[in-house]
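Survey of secondary and tertiary structure
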Amino acid sequence: SRAPKRSVLVTDRAARWVITLGGIGSILAVSLVGLFLFYVVVPLFLPPEVDRAAEFAVGEVPAQPVHTAVNEYLTMSWTVHRDGSLFVRRLSDGRILARLEIPDAAQLTCWSFSIEDDRCAFGYADGSVRLGRIGFDTEFLPEDEVPAALRDLAVGASEPLGPGMVERTPEEQFRRQELVLDLADPVALADVPIVLVDQSVTTRGPVFAALDARGVLHVSELRERTNLLTGETTITTTGGELDLRAEGLLSDAGIQPAHLLLTGLGDNVMLAWTGGRLLRIQSSDPESLALAGETDLVPEKGHRLTALTFQIGKSSLVSGDDLGRVRVWFRVNDPESGRARGSQLVLAHDLAAGGSPVVRIVPSARLRMVAAGFADGAAALYHITSDQRLLQLTVGEVRGT
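All values derive from a computational prediction rather than experimental measurement.

Our next topic: the sheet that holds strand 23 (residues 343-351). As summarised here, the arrangement of the four strands in space is 20-21-22-23, forming an open sheet in which the pairing is antiparallel. Two strands lie at the open edges of the sheet, namely strand 20 (305-310) and strand 23, each paired on one side alone. Strand-to-strand twist across the sheet, computed as the mean angle between neighbouring axes with direction ignored, equals 30°. Looking at chain direction, strand 21 (residues 317-321) and strand 22 (residues 326-333) are connected through four bridges and run antiparallel. Along strand 22, the bridge assignment pairs S319 with R327.

A complete count under the given rule lists 20 salt bridges for this structure. A salt bridge links D137 to R133; its shortest N-O distance comes to 3.3 Å. By relative accessible area, which is 36% here, D137 ends up partly exposed. Residue class for R133 comes out partly exposed when judged on its relative accessible area of 25%. The shortest N-O distance in the salt bridge between K314 and D198 comes to 3.2 Å. With K314 in the loop between strand 20 and strand 21 and D198 in strand 12 (residues 194-202), the pair connects residues that are 116 residues apart, well separated along the chain. On the basis of relative accessible area, K314 is assigned to the buried category, the value being 13%. Its relative accessible area of 5% is what places D198 among the buried residues. One network of salt bridges, with partners in common, ties together R90, D93 and E159.

As a further point, take the environment of R175. Among the structural elements, R175 can be located in strand 10 (residues 174-183). Given a relative accessible area of 11%, R175 falls into the buried group. The sequence separation of R175 and G313 amounts to 138 residues, and the corresponding C-alpha distance is 30 Å.

This brings us to the pairing of strand 3 (residues 85-90). Most of strand 3 sits inside the fold, with six of its six residues counted as buried. Alternating residues of strand 3 divide into S85, F87 and R89 and L86, V88 and R90, and every residue in both groups is buried. Where strand 2 (residues 76-81) and strand 3 come together, five bridges link them in antiparallel fashion. From the neighbouring strand, V80 faces strand 3, where its bridge partner is L86. Joining the antiparallel neighbours strand 2 and strand 3 is a turn of three residues, in which G84 adopts a positive phi near 90°. Pairing between strand 3 and strand 4 (residues 96-101): five bridges, direction antiparallel.

Now for a negative patch on the surface. A contiguous patch of negative charge, built from E143, D144, E145 and D152, is present on the exposed surface. When you line up the elements, D152 lands in the loop between strand 7 (128-141) and strand 8 (158-161).

Backbone-to-backbone hydrogen bonds pair the strands of a sheet. The strands run either parallel or antiparallel. Taken in spatial order, the four strands line up as 1-2-3-4 in an open sheet, and their pairing is antiparallel. Strands with a single pairing partner mark the edges of an open sheet, and in this sheet they are strand 1 (65-70) and strand 4. Averaged over all pairs of adjacent strands, the angle between strand axes in this sheet comes to 15°, irrespective of strand direction.

It is worth spelling out the pairing of strand 12 at this point. For strand 12, a buried count of seven out of nine residues is recorded, marking the element as mostly surrounded by other parts of the structure. Across eight bridges, the pairing between strand 12 and strand 13 (residues 205-212) is antiparallel. Each bridged residue has a counterpart across the sheet, and for V201 the counterpart in strand 13 is P206. The turn linking strand 12 back onto strand 13 is made up of two residues.

On to the layout of surface pockets, then. The volume enclosed by the second largest pocket comes to roughly 370 Å³. Per-element accounting of the lining of the second largest pocket gives the leading share, four residues, to strand 7. Tallied by class, the residues present in the lining of the second largest pocket amount to 12 nonpolar, three polar and five charged.

Counting 20 residues, the largest nonpolar core has W78, L86, V88, I102, F122 and I134 as the members making the most contacts within it. If you list the elements that add at least two residues to this core, you get strand 1, strand 2, strand 3, strand 4, strand 5 (108-113), strand 6 (119-124), strand 7 and strand 10. Sequence-distant contacts of W78, that is, excluding residues within four places in its chain, are made with H67, T68, A69, L86, F87, V88, F113, I134, F136 and L179. Core analysis: the next-biggest nonpolar cluster, separate from the first, contains 18 residues, A209, L244, V269 and L271 among them.

Our focus in this paragraph is empty space enclosed by the protein. To find leftover empty space, one rolls a probe the size of a water molecule over the atoms. Applying the stated rule across the entire model yields one cavity of 30 Å³ or more. By volume, the largest cavity is sized at about 60 Å³. Lining the largest cavity, in full, are N71, Y73, T75, M76, S158, M165, V166, E167, R175, R176 and Q177. Of all elements in the fold, only strand 9 (164-168) and strand 10 reach the threshold of two or more residues within the lining of the largest cavity.

To continue, consider the environment of Y39. Within the element layout of this structure, Y39 appears in helix 1 (residues 6-41). According to the relative accessible area criterion, Y39 is exposed, its value standing at 64%. The spacing of Y39 and D182 is 143 residues in sequence and 44 Å in space, taken between C-alpha atoms.

Criteria and cut-off values
- Residues numbered from 1 in each chain as written.
- Predicted model: local features only at pLDDT ≥ 70, side-chain atom pairs only at ≥ 80, totals over all residues.
- Heavy atoms only, no water.
- Pairing = 2+ DSSP bridges.
- Helix = DSSP H or I, 4+ residues; strand = E, 2+ residues; numbered from the N terminus.
- Axes fitted to C-alpha atoms, helices over the stretch in contact; angles between N-to-C directions.
- Salt bridge = Lys/Arg side-chain N within 4 Å of Asp/Glu carboxyl O.
- Buried < 20%, exposed > 50% of the residue type's maximum accessible area, 1.4 Å probe, protein only.
- Patch = residues over 30% accessible without salt bridge, like charges linked within 9 Å, V, L, I, M, F, W, Y side chains within 5 Å.
- Areas by Shrake-Rupley, 256 points an atom, 1.4 Å probe, with all protein chains shown as cover.
- Lys, Arg positive; Asp, Glu negative; His and termini not counted.
- Charge placed at Lys NZ, Arg CZ, Asp CG, Glu CD.
- 1 Å grid on protein atoms, 1.4 Å probe; cavity = no way out; pocket = protein on both sides within 12 Å on 5 of 7 lines; lining within 4 Å.
- Points joined across faces, edges and corners; volume = space filled by probe spheres on them.
- Nonpolar A, V, L, I, M, F, W, Y, C, P; charged D, E, K, R; others polar.
- Core = buried A, V, L, I, M, F, W, Y, C linked by side-chain atoms within 4.5 Å.
- Contact = heavy atoms within 4.5 Å.

As structure tokens, this is what we get:
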């Protein structure tokens, strides 16, 4: 018989349905992906918003704050003051949870804090530098170690516990965070005070640059070696120095730079003066420091450089001046410079200017964004890649632009 068997007909019909359902399922899956992408992209076309999380009076502070940071869960902050005191506060109401002090605080002269992690560096009047970290350590507590009064915390709620805070996570765990201050032994560089310092972590290990009161630039690398038999760790320091005065790089008045920044790769040290002059010192080989280039960040006569920092990655330089401008500078190859690995600093982004001098620029630790504070109390948030000012607000008032 030429008629197909019943089993063949059944198999053919089943295959047809499977193929049809598979095609419909593929279309639905692709459609869901498209809807998800649409959901993610739509906020980019909406006006920015900012919500006030908390506002509180901090009371009397012992000295001017020099650096403030918050934990990743936005429940605590810590602030270092000029006198070396360090306060840990609860963000919701400003309650002081702990008070610490930088070692040898009376000798502190300068400081540097990392953009992307907890690393920090401090310079001292005796010519030494200390490297270390200030950051929050996290641990998860067994329920029987949590005080009875905190076991009924709602998910997402947090309460103080000793010098830190404990929070109940969506996974029903008790997460506790506490600030840790851990500084290494001092590294002696000079017999005069250190006036500027910065640090980075490269593939070779920690690197720091420091300028002393005589105008001598020091660049040093730290290397750690652990004895596998004894477990003892030995730290060795190698590096070099460059006398700016002897090299004719200081002005006749001998005015010291106001800013010192070390690139993320440790290959350039940036020295900048309030007049806008910036020197780049080649430091890829710390034992052979040399001038790499010079740039005027504020060429307009009579105007000043008021803020300077790196963007995330410590490659792009972000400057602010008394004209209210926020500008981003890149290094580009310059084969005509006559120097090995020659480069020059060029203006890459000129962001929307504010109405008064820039007093502080803070980069994001995750995105290509910076926040700028102005002398009139305004603050602005910029997205560097797209040259956009995303948000502007004024102290005492929250509003979108």
